[in-house]
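# A closer look at the structure
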Amino acid sequence: MHYVIVGNSAAAVGAVESIRRVDPRGEITVLSAEAEHVYSRPLIAHLVAGEVKENQMAYRPADFYTAHSVRARLGERVSAVDCARRRVTLASGETIGYDRLLLTTGSAVTRPSVLDRQLEGLVTFQTYADARKVLALLRAGKRQAVVVGAGLIGLRAADALKKAGAAVTVVEFLPRVLTRVLDAEASALVENLLRESGLNVLTGRAVREVLAREGAVSGVVLDDGEKLACQILVAATGVKPDLALAGDLATDHGILVNEYFQTSYSTVYAAGDVAQTRDLPRGVPRVNANWPNAHAQGRIAGLNMAGRPTPYPGSLGMNTVTFGGVPVISLGVFDPEAEEEKGYEVKIRKNPDRHIYQKLVFKENRLKGAIFIGDLGYCGAVKDMIAEQLLTGIIKDAILEEKYQLYGFLRKRRAEKLEGKQIRWPESYTSAQKYVKSFNEETWTERERDLRPW
Ligand SMILES: Cc1cc2nc3c(=O)[nH]c(=O)nc-3n(C[C@H](O)[C@H](O)[C@H](O)COP(=O)(O)OP(=O)(O)OC[C@H]3O[C@@H](n4cnc5c(N)ncnc54)[C@H](O)[C@@H]3O)c2cc1C
(Lines give C-alpha, C1' and ligand atoms only; values in the text may rest on other atoms or scores of the structure.)
Protein backbone atom coordinates (compact mmCIF):
# COMPACT_ATOMS: atom_id res chain seq x y z
CA MET A 1 0.00 0.00 0.00
CA HIS A 2 1.41 3.40 -0.96
CA TYR A 3 -0.01 6.41 0.86
CA VAL A 4 0.77 9.80 -0.66
CA ILE A 5 0.09 12.90 1.43
CA VAL A 6 0.19 16.33 -0.17
CA GLY A 7 1.01 18.86 2.54
CA ASN A 8 3.21 18.78 5.61
CA SER A 9 1.38 20.55 8.39
CA ALA A 10 -1.21 19.86 11.12
CA ALA A 11 -3.43 17.52 9.08
CA ALA A 12 -0.53 15.69 7.44
CA VAL A 13 1.15 14.96 10.78
CA GLY A 14 -2.10 13.63 12.22
CA ALA A 15 -2.44 11.35 9.20
CA VAL A 16 1.15 10.03 9.27
CA GLU A 17 0.89 9.15 12.94
CA SER A 18 -2.40 7.30 12.64
CA ILE A 19 -1.49 5.47 9.42
CA ARG A 20 1.62 4.15 11.17
CA ARG A 21 -0.43 3.04 14.15
CA VAL A 22 -2.53 0.80 11.90
CA ASP A 23 -0.13 -0.05 9.09
CA PRO A 24 3.55 -0.31 10.12
CA ARG A 25 4.71 -1.47 6.69
CA GLY A 26 2.88 0.56 4.02
CA GLU A 27 4.89 3.16 2.11
CA ILE A 28 4.22 6.81 3.04
CA THR A 29 5.34 9.72 0.89
CA VAL A 30 4.83 13.31 2.05
CA LEU A 31 5.04 16.00 -0.62
CA SER A 32 5.18 19.61 0.45
CA ALA A 33 5.68 22.84 -1.45
CA GLU A 34 7.20 24.40 1.65
CA ALA A 35 10.77 23.25 2.31
CA GLU A 36 10.70 23.39 6.13
CA HIS A 37 10.51 20.49 8.53
CA VAL A 38 6.96 20.45 9.92
CA TYR A 39 6.43 23.62 11.98
CA SER A 40 3.62 25.21 13.95
CA ARG A 41 2.06 27.73 11.59
CA PRO A 42 0.38 29.81 14.34
CA LEU A 43 3.85 30.43 15.82
CA ILE A 44 5.00 32.55 12.87
CA ALA A 45 3.39 35.59 14.52
CA HIS A 46 5.21 34.83 17.77
CA LEU A 47 8.47 34.38 15.88
CA VAL A 48 8.15 37.85 14.34
CA ALA A 49 7.16 39.28 17.74
CA GLY A 50 10.38 37.83 19.21
CA GLU A 51 8.39 35.64 21.60
CA VAL A 52 9.71 32.34 20.25
CA LYS A 53 12.98 31.41 18.57
CA GLU A 54 13.52 29.48 15.35
CA ASN A 55 14.49 26.37 17.33
CA GLN A 56 11.03 26.39 18.96
CA MET A 57 9.05 26.35 15.70
CA ALA A 58 9.12 22.60 15.01
CA TYR A 59 5.82 20.80 15.53
CA ARG A 60 7.50 17.40 15.74
CA PRO A 61 11.09 16.32 16.57
CA ALA A 62 13.79 16.37 13.90
CA ASP A 63 13.60 12.57 13.45
CA PHE A 64 9.83 12.62 12.84
CA TYR A 65 9.98 11.40 9.24
CA THR A 66 12.59 8.70 9.80
CA ALA A 67 10.91 7.52 13.00
CA HIS A 68 7.70 7.03 11.00
CA SER A 69 9.47 5.63 7.90
CA VAL A 70 8.18 8.49 5.78
CA ARG A 71 9.75 9.55 2.50
CA ALA A 72 9.53 13.32 2.97
CA ARG A 73 9.99 15.29 -0.20
CA LEU A 74 9.97 18.83 1.09
CA GLY A 75 10.13 21.80 -1.25
CA GLU A 76 8.35 19.77 -3.97
CA ARG A 77 5.15 21.29 -5.34
CA VAL A 78 2.46 19.01 -6.77
CA SER A 79 1.05 20.51 -9.95
CA ALA A 80 -1.73 18.03 -10.79
CA VAL A 81 -3.64 15.04 -9.51
CA ASP A 82 -4.99 12.34 -11.81
CA CYS A 83 -7.60 10.54 -9.72
CA ALA A 84 -8.55 8.05 -12.43
CA ARG A 85 -4.94 6.89 -12.95
CA ARG A 86 -4.06 7.31 -9.28
CA ARG A 87 -1.00 9.46 -9.71
CA VAL A 88 0.22 12.93 -8.92
CA THR A 89 2.52 15.08 -11.03
CA LEU A 90 5.18 17.26 -9.47
CA ALA A 91 6.16 20.69 -10.78
CA SER A 92 9.35 19.02 -12.06
CA GLY A 93 7.23 16.78 -14.31
CA GLU A 94 7.87 13.61 -12.30
CA THR A 95 4.82 11.46 -11.62
CA ILE A 96 4.19 9.42 -8.48
CA GLY A 97 1.56 6.68 -8.21
CA TYR A 98 -0.53 6.06 -5.11
CA ASP A 99 -3.05 3.65 -3.65
CA ARG A 100 -4.46 6.22 -1.23
CA LEU A 101 -4.01 9.97 -1.61
CA LEU A 102 -4.61 12.58 1.10
CA LEU A 103 -4.87 16.25 0.16
CA THR A 104 -4.00 18.58 3.06
CA THR A 105 -3.12 21.65 1.02
CA GLY A 106 -4.57 24.07 3.58
CA SER A 107 -5.51 27.64 2.76
CA ALA A 108 -4.43 29.89 -0.08
CA VAL A 109 -4.02 33.64 0.33
CA THR A 110 -6.37 35.84 -1.67
CA ARG A 111 -5.47 39.44 -2.43
CA PRO A 112 -6.83 42.24 -4.56
CA SER A 113 -4.88 43.12 -7.72
CA VAL A 114 -3.59 46.35 -6.17
CA LEU A 115 -1.63 44.24 -3.65
CA ASP A 116 -0.63 41.51 -6.10
CA ARG A 117 2.82 42.82 -7.06
CA GLN A 118 6.42 41.70 -6.68
CA LEU A 119 7.98 44.40 -4.51
CA GLU A 120 10.49 44.22 -1.71
CA GLY A 121 8.54 44.81 1.49
CA LEU A 122 5.18 43.60 0.15
CA VAL A 123 4.47 40.31 1.91
CA THR A 124 1.73 37.89 2.89
CA PHE A 125 1.63 36.36 6.38
CA GLN A 126 0.94 32.69 5.89
CA THR A 127 4.20 30.75 5.97
CA TYR A 128 7.53 30.43 7.72
CA ALA A 129 9.10 31.94 4.60
CA ASP A 130 6.81 34.99 4.96
CA ALA A 131 7.87 35.38 8.59
CA ARG A 132 11.55 35.20 7.60
CA LYS A 133 10.99 37.95 5.00
CA VAL A 134 9.36 40.17 7.64
CA LEU A 135 12.19 39.49 10.09
CA ALA A 136 14.76 40.39 7.41
CA LEU A 137 12.95 43.67 6.74
CA LEU A 138 12.90 44.49 10.45
CA ARG A 139 16.60 43.62 10.75
CA ALA A 140 17.30 45.97 7.84
CA GLY A 141 15.80 48.79 9.91
CA LYS A 142 12.39 49.04 8.22
CA ARG A 143 10.11 50.30 10.94
CA GLN A 144 6.93 51.61 9.29
CA ALA A 145 4.30 48.96 8.52
CA VAL A 146 0.85 48.92 6.99
CA VAL A 147 -1.27 45.79 7.37
CA VAL A 148 -4.17 45.52 4.96
CA GLY A 149 -7.00 43.46 6.46
CA ALA A 150 -8.23 43.30 10.05
CA GLY A 151 -9.10 39.62 10.16
CA LEU A 152 -7.32 37.25 12.52
CA ILE A 153 -4.20 36.91 10.38
CA GLY A 154 -3.92 40.66 9.74
CA LEU A 155 -4.32 41.51 13.41
CA ARG A 156 -1.86 38.82 14.45
CA ALA A 157 0.65 40.23 11.97
CA ALA A 158 0.01 43.79 13.18
CA ASP A 159 0.38 42.81 16.83
CA ALA A 160 3.62 40.93 16.06
CA LEU A 161 5.09 43.83 14.08
CA LYS A 162 4.23 46.25 16.87
CA LYS A 163 5.89 43.98 19.43
CA ALA A 164 8.94 43.87 17.16
CA GLY A 165 9.19 47.65 17.34
CA ALA A 166 7.41 48.80 14.16
CA ALA A 167 4.87 51.62 13.94
CA VAL A 168 1.80 49.85 12.53
CA THR A 169 -1.35 51.02 10.78
CA VAL A 170 -4.12 48.53 10.03
CA VAL A 171 -6.36 49.35 7.06
CA GLU A 172 -9.68 47.52 6.89
CA PHE A 173 -12.18 47.89 4.07
CA LEU A 174 -15.18 46.79 6.18
CA PRO A 175 -16.59 49.07 8.89
CA ARG A 176 -15.24 46.93 11.74
CA VAL A 177 -12.48 44.51 12.68
CA LEU A 178 -12.73 40.70 12.91
CA THR A 179 -16.06 40.52 11.08
CA ARG A 180 -15.75 36.78 10.52
CA VAL A 181 -14.99 36.06 14.14
CA LEU A 182 -16.94 38.50 16.34
CA ASP A 183 -20.27 40.31 16.51
CA ALA A 184 -20.37 44.12 16.25
CA GLU A 185 -20.22 44.80 19.99
CA ALA A 186 -17.28 42.48 20.63
CA SER A 187 -15.57 43.85 17.56
CA ALA A 188 -15.84 47.44 18.90
CA LEU A 189 -14.37 46.29 22.21
CA VAL A 190 -11.42 44.65 20.46
CA GLU A 191 -10.89 47.71 18.27
CA ASN A 192 -10.50 49.81 21.43
CA LEU A 193 -8.06 47.28 22.83
CA LEU A 194 -6.01 47.44 19.65
CA ARG A 195 -5.89 51.23 19.74
CA GLU A 196 -4.98 51.22 23.44
CA SER A 197 -2.16 48.80 22.64
CA GLY A 198 -0.69 51.31 20.21
CA LEU A 199 -1.98 50.21 16.80
CA ASN A 200 -3.42 52.76 14.40
CA VAL A 201 -6.65 51.15 13.12
CA LEU A 202 -8.48 52.60 10.13
CA THR A 203 -11.79 50.91 9.29
CA GLY A 204 -14.01 51.54 6.27
CA ARG A 205 -10.88 52.42 4.22
CA ALA A 206 -9.17 50.71 1.31
CA VAL A 207 -5.73 50.84 -0.31
CA ARG A 208 -6.08 52.44 -3.75
CA GLU A 209 -2.41 52.40 -4.77
CA VAL A 210 0.92 51.01 -3.62
CA LEU A 211 3.84 53.42 -3.88
CA ALA A 212 7.27 52.02 -4.71
CA ARG A 213 10.81 53.30 -5.10
CA GLU A 214 13.52 51.19 -6.78
CA GLY A 215 11.51 48.03 -6.53
CA ALA A 216 10.68 48.46 -2.85
CA VAL A 217 7.47 49.55 -1.16
CA SER A 218 7.56 53.15 0.05
CA GLY A 219 3.91 53.71 1.00
CA VAL A 220 0.24 53.37 0.15
CA VAL A 221 -2.47 55.74 -0.98
CA LEU A 222 -5.89 55.16 0.57
CA ASP A 223 -9.24 55.56 -1.18
CA ASP A 224 -9.70 59.07 0.28
CA GLY A 225 -6.28 60.17 -0.99
CA GLU A 226 -4.47 59.92 2.36
CA LYS A 227 -0.85 58.71 1.99
CA LEU A 228 0.80 56.43 4.51
CA ALA A 229 4.56 55.90 4.34
CA CYS A 230 5.68 52.30 4.92
CA GLN A 231 8.50 49.94 4.05
CA ILE A 232 6.60 46.82 5.17
CA LEU A 233 3.21 46.17 3.60
CA VAL A 234 1.35 43.06 4.70
CA ALA A 235 -1.45 41.81 2.44
CA ALA A 236 -3.80 40.01 4.84
CA THR A 237 -6.98 40.40 2.85
CA GLY A 238 -8.18 36.84 3.21
CA VAL A 239 -7.58 33.13 2.76
CA LYS A 240 -9.67 30.39 1.24
CA PRO A 241 -9.26 26.62 0.91
CA ASP A 242 -6.52 25.90 -1.62
CA LEU A 243 -8.42 24.04 -4.35
CA ALA A 244 -5.61 24.17 -6.93
CA LEU A 245 -5.34 20.37 -6.91
CA ALA A 246 -9.06 19.62 -6.54
CA GLY A 247 -9.53 19.05 -10.29
CA ASP A 248 -12.81 17.27 -10.87
CA LEU A 249 -13.35 16.40 -7.18
CA ALA A 250 -16.68 17.63 -5.82
CA THR A 251 -16.16 20.99 -4.10
CA ASP A 252 -18.16 23.77 -2.50
CA HIS A 253 -16.11 26.31 -0.52
CA GLY A 254 -13.69 23.46 0.23
CA ILE A 255 -13.29 19.88 -0.99
CA LEU A 256 -16.41 17.94 -0.03
CA VAL A 257 -15.74 14.83 2.05
CA ASN A 258 -17.87 12.19 3.75
CA GLU A 259 -17.52 11.35 7.44
CA TYR A 260 -14.53 9.12 6.58
CA PHE A 261 -12.83 12.01 4.74
CA GLN A 262 -13.28 10.41 1.33
CA THR A 263 -13.80 12.83 -1.52
CA SER A 264 -15.91 12.06 -4.56
CA TYR A 265 -13.10 9.63 -5.52
CA SER A 266 -13.02 6.89 -2.90
CA THR A 267 -9.20 6.55 -3.01
CA VAL A 268 -8.68 10.29 -2.54
CA TYR A 269 -9.10 11.83 0.89
CA ALA A 270 -8.97 15.46 2.03
CA ALA A 271 -8.54 16.91 5.52
CA GLY A 272 -7.68 20.16 7.30
CA ASP A 273 -8.33 23.71 6.06
CA VAL A 274 -8.92 22.48 2.50
CA ALA A 275 -11.82 20.19 3.47
CA GLN A 276 -15.44 21.03 4.13
CA THR A 277 -16.78 18.95 7.00
CA ARG A 278 -20.00 18.81 8.99
CA ASP A 279 -20.21 21.84 11.28
CA LEU A 280 -21.25 20.51 14.70
CA PRO A 281 -23.55 23.32 15.91
CA ARG A 282 -25.18 24.00 12.52
CA GLY A 283 -25.26 20.43 11.22
CA VAL A 284 -24.30 21.49 7.66
CA PRO A 285 -21.01 21.25 5.72
CA ARG A 286 -18.63 24.11 6.42
CA VAL A 287 -14.90 24.92 6.32
CA ASN A 288 -13.78 25.35 9.93
CA ALA A 289 -10.14 26.25 9.44
CA ASN A 290 -8.08 25.97 12.58
CA TRP A 291 -5.10 23.99 13.82
CA PRO A 292 -6.83 21.56 16.23
CA ASN A 293 -9.50 20.71 13.64
CA ALA A 294 -6.86 20.13 10.96
CA HIS A 295 -4.85 17.82 13.19
CA ALA A 296 -7.89 15.83 14.35
CA GLN A 297 -9.17 15.51 10.79
CA GLY A 298 -5.79 14.29 9.53
CA ARG A 299 -5.64 11.78 12.36
CA ILE A 300 -9.05 10.32 11.53
CA ALA A 301 -8.49 10.45 7.78
CA GLY A 302 -5.26 8.45 8.32
CA LEU A 303 -7.10 5.74 10.27
CA ASN A 304 -9.64 5.42 7.48
CA MET A 305 -7.00 5.36 4.76
CA ALA A 306 -5.18 2.56 6.57
CA GLY A 307 -8.34 0.49 6.74
CA ARG A 308 -9.75 1.23 10.18
CA PRO A 309 -13.18 2.79 9.53
CA THR A 310 -13.56 5.71 11.94
CA PRO A 311 -16.30 8.28 11.41
CA TYR A 312 -15.63 11.94 12.17
CA PRO A 313 -18.45 13.59 14.12
CA GLY A 314 -17.76 17.05 12.71
CA SER A 315 -15.83 20.25 13.28
CA LEU A 316 -16.28 23.37 15.36
CA GLY A 317 -15.40 26.90 14.29
CA MET A 318 -13.07 28.19 16.98
CA ASN A 319 -10.78 31.20 17.16
CA THR A 320 -8.54 32.24 20.00
CA VAL A 321 -6.28 35.26 20.17
CA THR A 322 -4.93 37.69 22.76
CA PHE A 323 -4.67 41.44 22.27
CA GLY A 324 -3.02 43.67 24.86
CA GLY A 325 -3.10 40.77 27.31
CA VAL A 326 -6.88 40.36 26.91
CA PRO A 327 -7.98 36.91 25.65
CA VAL A 328 -10.57 36.76 22.87
CA ILE A 329 -12.35 33.50 21.97
CA SER A 330 -15.21 32.83 19.61
CA LEU A 331 -16.91 29.50 19.06
CA GLY A 332 -19.52 28.22 16.60
CA VAL A 333 -22.46 30.54 15.92
CA PHE A 334 -21.16 33.78 17.45
CA ASP A 335 -23.41 36.23 15.58
CA PRO A 336 -26.95 34.91 14.95
CA GLU A 337 -27.81 38.04 12.98
CA ALA A 338 -25.33 36.98 10.32
CA GLU A 339 -26.82 33.48 10.06
CA GLU A 340 -29.28 32.34 7.42
CA GLU A 341 -31.31 30.41 9.98
CA LYS A 342 -33.24 32.33 12.59
CA GLY A 343 -34.65 31.48 16.02
CA TYR A 344 -31.50 31.82 18.12
CA GLU A 345 -31.60 33.03 21.72
CA VAL A 346 -28.75 35.10 23.11
CA LYS A 347 -27.48 35.74 26.64
CA ILE A 348 -24.86 38.42 27.20
CA ARG A 349 -22.91 39.46 30.26
CA LYS A 350 -20.50 42.36 30.02
CA ASN A 351 -18.40 44.89 31.84
CA PRO A 352 -16.83 47.25 29.28
CA ASP A 353 -14.69 48.98 31.94
CA ARG A 354 -12.93 45.69 32.56
CA HIS A 355 -12.91 44.66 28.86
CA ILE A 356 -15.27 41.79 29.63
CA TYR A 357 -17.84 40.50 27.15
CA GLN A 358 -19.39 37.06 27.36
CA LYS A 359 -22.09 35.87 25.00
CA LEU A 360 -23.86 32.56 24.67
CA VAL A 361 -25.99 31.64 21.68
CA PHE A 362 -28.68 28.98 22.09
CA LYS A 363 -31.15 27.25 19.85
CA GLU A 364 -33.62 24.56 20.77
CA ASN A 365 -32.11 24.22 24.23
CA ARG A 366 -28.62 23.58 22.87
CA LEU A 367 -25.59 25.83 22.92
CA LYS A 368 -24.69 26.84 19.38
CA GLY A 369 -21.93 29.35 19.92
CA ALA A 370 -20.18 31.76 22.24
CA ILE A 371 -17.84 34.70 22.59
CA PHE A 372 -15.59 35.20 25.59
CA ILE A 373 -13.50 38.34 25.96
CA GLY A 374 -11.54 39.31 29.04
CA ASP A 375 -12.96 36.61 31.29
CA LEU A 376 -12.87 33.08 29.96
CA GLY A 377 -15.21 31.77 32.67
CA TYR A 378 -16.24 28.24 31.81
CA CYS A 379 -15.17 28.50 28.22
CA GLY A 380 -13.82 24.93 28.17
CA ALA A 381 -17.12 23.47 29.35
CA VAL A 382 -18.99 25.69 26.90
CA LYS A 383 -16.83 24.46 24.04
CA ASP A 384 -17.62 20.86 24.95
CA MET A 385 -21.34 21.63 25.18
CA ILE A 386 -21.28 23.19 21.70
CA ALA A 387 -19.17 20.42 20.19
CA GLU A 388 -21.30 17.66 21.68
CA GLN A 389 -24.60 19.51 21.21
CA LEU A 390 -25.68 18.56 24.72
CA LEU A 391 -29.06 19.64 25.97
CA THR A 392 -28.26 22.53 28.26
CA GLY A 393 -31.13 22.10 30.72
CA ILE A 394 -30.84 24.36 33.71
CA ILE A 395 -27.26 25.14 32.79
CA LYS A 396 -28.65 27.58 30.29
CA ASP A 397 -29.25 30.14 32.99
CA ALA A 398 -26.24 29.23 35.09
CA ILE A 399 -23.19 29.25 32.82
CA LEU A 400 -22.27 32.90 32.77
CA GLU A 401 -23.31 33.37 36.39
CA GLU A 402 -21.17 30.37 37.35
CA LYS A 403 -23.90 29.21 39.72
CA TYR A 404 -24.18 25.99 41.68
CA GLN A 405 -26.06 24.16 38.91
CA LEU A 406 -22.98 24.64 36.77
CA TYR A 407 -20.70 23.09 39.37
CA GLY A 408 -23.04 20.09 39.59
CA PHE A 409 -23.02 19.82 35.82
CA LEU A 410 -19.23 20.03 35.62
CA ARG A 411 -18.87 17.45 38.38
CA LYS A 412 -21.06 15.09 36.41
CA ARG A 413 -19.17 15.78 33.19
CA ARG A 414 -15.91 15.08 34.95
CA ALA A 415 -17.23 11.82 36.31
CA GLU A 416 -18.46 10.94 32.85
CA LYS A 417 -15.20 11.81 31.12
CA LEU A 418 -12.59 10.68 33.63
CA GLU A 419 -14.30 7.86 35.45
CA GLY A 420 -16.39 6.55 32.57
CA LYS A 421 -19.62 6.88 34.53
CA GLN A 422 -22.71 6.88 32.37
CA ILE A 423 -24.74 10.02 32.99
CA ARG A 424 -28.29 10.41 31.79
CA TRP A 425 -28.76 13.97 30.65
CA PRO A 426 -32.23 15.51 30.74
CA GLU A 427 -34.03 15.26 27.46
CA SER A 428 -36.69 17.87 27.64
CA TYR A 429 -35.85 20.80 29.86
CA THR A 430 -36.24 24.30 28.53
CA SER A 431 -35.78 27.33 30.73
CA ALA A 432 -39.24 28.55 29.71
CA GLN A 433 -40.67 25.53 31.51
CA LYS A 434 -42.38 26.12 34.82
CA TYR A 435 -39.59 25.75 37.32
CA VAL A 436 -39.45 22.94 39.82
CA LYS A 437 -38.62 24.04 43.27
CA SER A 438 -36.55 21.16 44.56
CA PHE A 439 -33.29 20.30 42.87
CA ASN A 440 -33.14 16.70 41.85
CA GLU A 441 -29.76 15.23 40.90
CA GLU A 442 -31.41 12.35 39.09
CA THR A 443 -33.70 14.29 36.81
CA TRP A 444 -31.44 17.33 36.70
CA THR A 445 -34.24 19.77 37.26
CA GLU A 446 -34.03 23.21 38.73
CA ARG A 447 -34.07 24.08 42.39
CA GLU A 448 -34.71 27.77 42.10
CA ARG A 449 -34.91 30.29 39.37
CA ASP A 450 -32.13 32.76 38.80
CA LEU A 451 -33.74 36.15 39.14
CA ARG A 452 -30.61 38.18 38.75
CA PRO A 453 -30.68 40.38 35.66
CA TRP A 454 -28.39 39.49 32.77
C1 LIG B 1 -0.41 33.67 11.04
C2 LIG B 1 -1.34 32.54 11.35
C3 LIG B 1 -1.74 32.35 12.66
C4 LIG B 1 -2.62 31.32 12.98
N5 LIG B 1 -2.97 31.15 14.28
C6 LIG B 1 -3.80 30.13 14.62
C7 LIG B 1 -4.15 29.90 15.97
O8 LIG B 1 -3.73 30.64 16.88
N9 LIG B 1 -4.95 28.84 16.25
C10 LIG B 1 -5.43 28.01 15.28
O11 LIG B 1 -6.15 27.07 15.59
N12 LIG B 1 -5.13 28.21 13.98
C13 LIG B 1 -4.33 29.25 13.64
N14 LIG B 1 -3.99 29.43 12.32
C15 LIG B 1 -4.59 28.54 11.31
C16 LIG B 1 -3.82 27.21 11.25
O17 LIG B 1 -2.47 27.47 11.05
C18 LIG B 1 -4.40 26.36 10.13
O19 LIG B 1 -5.76 26.10 10.41
C20 LIG B 1 -3.63 25.05 9.98
O21 LIG B 1 -2.28 25.30 9.70
C22 LIG B 1 -4.24 24.19 8.88
O23 LIG B 1 -3.46 23.05 8.73
P24 LIG B 1 -3.50 22.19 7.40
O25 LIG B 1 -2.67 20.98 7.70
O26 LIG B 1 -4.89 22.00 6.96
O27 LIG B 1 -2.81 23.06 6.26
P28 LIG B 1 -1.66 24.15 6.24
O29 LIG B 1 -1.07 24.40 7.58
O30 LIG B 1 -2.18 25.33 5.51
O31 LIG B 1 -0.54 23.46 5.35
C32 LIG B 1 -0.73 23.21 3.99
C33 LIG B 1 0.41 22.37 3.48
O34 LIG B 1 0.17 22.03 2.13
C35 LIG B 1 1.33 22.24 1.36
N36 LIG B 1 0.90 22.49 -0.04
C37 LIG B 1 -0.08 23.31 -0.49
N38 LIG B 1 -0.20 23.21 -1.82
C39 LIG B 1 0.70 22.27 -2.22
C40 LIG B 1 1.05 21.73 -3.49
N41 LIG B 1 0.45 22.09 -4.62
N42 LIG B 1 2.05 20.81 -3.52
C43 LIG B 1 2.67 20.41 -2.39
N44 LIG B 1 2.37 20.90 -1.17
C45 LIG B 1 1.39 21.81 -1.09
C46 LIG B 1 2.04 23.39 2.05
O47 LIG B 1 3.40 23.41 1.76
C48 LIG B 1 1.76 23.03 3.52
O49 LIG B 1 2.70 22.11 3.97
C50 LIG B 1 -3.11 30.47 11.96
C51 LIG B 1 -2.71 30.64 10.64
C52 LIG B 1 -1.83 31.68 10.34
C53 LIG B 1 -1.39 31.87 8.92
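Residues numbered from 1 in each chain as written. Predicted model: local features only at pLDDT ≥ 70, side-chain atom pairs only at ≥ 80, totals over all residues. Heavy atoms only, no water.

## Some thoughts on the packing of helix α1 (residues 10–22) against helix α7 (residues 291–305)
- At a minimum axis separation of 6 Å, α1 and α7 run at an interaxial angle of 30 degrees. The orientation of α1 relative to α7 falls into the category roughly parallel. As for the relative orientation of α1 and α7, their crossing is right-handed in sense. Here A10, A11, V13, G14, A15, E17, S18, I19 and V22 of α1 come into contact with α7, specifically with W291, A294, H295, G298, R299, G302, L303 and M305.
- Of the residues in the contact of α1 with α7, the class split is 10 nonpolar, five polar and two charged. (Axes fitted to C-alpha atoms, helices over the stretch in contact; angles between N-to-C directions. Helix = DSSP H or I, 4+ residues; strand = E, 2+ residues; numbered from the N terminus. Parallel < 35°, antiparallel > 145°, perpendicular 65-115°, else oblique. Left-handed = near helix turned anticlockwise from the far one by under 90°. Contact = heavy atoms within 4.5 Å. Nonpolar A, V, L, I, M, F, W, Y, C, P; charged D, E, K, R; others polar.)

## Digging into the pattern of salt bridges
- One pass over the structure, following the stated rule, counts 21 salt bridges.
- With its nearest N and O atoms 2.7 Å apart, the salt bridge here joins R73 to E94. A residue pair is termed long-range when its members are at least 10 positions apart, and R73 in strand β3 (residues 70–74) and E94 in the loop between β5 (87–90) and β6 (95–97) qualify at 21 residues.
- Taking the shortest distance from any N to any O, the salt bridge between D82 and R85 comes out at 3.6 Å.
- Using a relative accessible area of 25% as the deciding quantity, one classes D82 as partly exposed.
- Of the residues examined, R85 reaches a relative accessible area of 57% and is grouped as exposed.
- Connected through salt bridges with shared partners, the residues E51, D159, K162 and K163 form a single ionic network. (Salt bridge = Lys/Arg side-chain N within 4 Å of Asp/Glu carboxyl O. Buried < 20%, exposed > 50% of the residue type's maximum accessible area, 1.4 Å probe, protein only.)

## A closer look at the side chain of R73
- Within the structure, the side chain of R73 is placed 3.0 Å from the side chain of E76, a separation counted as a polar contact.
- A distance of 2.7 Å separates the side chain of R73 from the side chain of E94, its partner in a polar contact.
- Excluding residues that lie within four positions of it along the chain, R73 makes contacts with T29, V30, L31, S32, L90, E94 and I96. (Polar contact = N/O pair within 3.5 Å; in protein donor to acceptor, adjacent residues only side chain to side chain.)

## Here's the deal with the confidence of the model for the protein chain
- A residue-level look at the protein chain finds 91% of positions with pLDDT of 70 or above and a mean pLDDT of 90.
- For residues 427–454, every residue scores under 50 in pLDDT, and the model assigns this stretch 61 contacts once sequence neighbours within four places are set aside. (pLDDT = per-residue confidence, 0-100.)

## Examining the site of the ligand
- Near the ligand lie 33 residues; those nearest to it are S9, R41, V78, D273 and W291.
- S9 is positioned with one of its side-chain polar atoms (N or O) 2.6 Å from an oxygen atom of the ligand.
- Between the ligand and the protein, one listed contact pairs an oxygen atom with a backbone N or O atom of W291 at 2.9 Å.
- Out of a free accessible area of 990 Å², the ligand has 91% covered by protein chains.
- When residues in the shell around the ligand are grouped by element, the largest group, three residues, is from α7.
- Looking at the shell around the ligand residue by residue, the class counts come to 15 nonpolar, 11 polar and seven charged.
- Counting only domains with at least three residues in the shell around the ligand, you end up with domain 1 (2–38 + 54–108 + 240–305) and domain 2 (113–237). (Near = heavy atom within 4 Å. Areas by Shrake-Rupley, 256 points an atom, 1.4 Å probe, with all protein chains shown as cover. Domains from an automatic or database assignment.)

## A few points about the nonpolar core
- Ranked by internal contacts, the top residues of the largest apolar core, which has 50 residues, are L161, L178, V190, V234 and I373.
- Residue-level mapping places this core at the junction of two domains, with at least three residues from each of domain 2 (113–237) and domain 3 (318–394).
- Apart from the residues within four sequence positions on either side, I373 is in contact with A186, L189, V190, V326, P327, V328, H355, I356 and Y357.
- The next biggest cluster of nonpolar side chains, apart from the first, holds 48 residues, and it includes Y3, A11, I96 and V268. (Core = buried A, V, L, I, M, F, W, Y, C linked by side-chain atoms within 4.5 Å.)

## With respect to the packing of aromatic side chains
- On inspection of all chains with the given rule, the structure shows four aromatic pairs.
- Pairing F64 with Y65 gives two aromatic rings, centres 5.4 Å apart and planes at 75 degrees, and the pair type is edge-to-face. Note on accessibility: F64 and Y65 belong to one class, buried.
- Taking 4.9 Å as the distance between ring centres and 45 degrees as the angle between the ring planes, the aromatic pair formed by F261 and Y312 counts as tilted. With a gap of 51 residues between them, F261 in the loop between β18 (255–256) and β19 (268–270) and Y312 in the loop between α7 and β22 (318–323) connect regions that are remote in the sequence.
- By relative accessible area, Y312 is classed as buried at 9%.
- Over the ring of Y128 we find R132; its NZ or CZ atom is 3.9 Å from the centre of that ring.
- K363 extends its terminal NZ or CZ atom over the ring of Y344, reaching a point 4.8 Å from the ring centre. (Phe/Tyr/Trp six-rings, centres within 6.5 Å; stacked < 30°, edge-to-face > 60°. Lys NZ or Arg CZ within 6 Å of the ring centre and 35° of its normal.)

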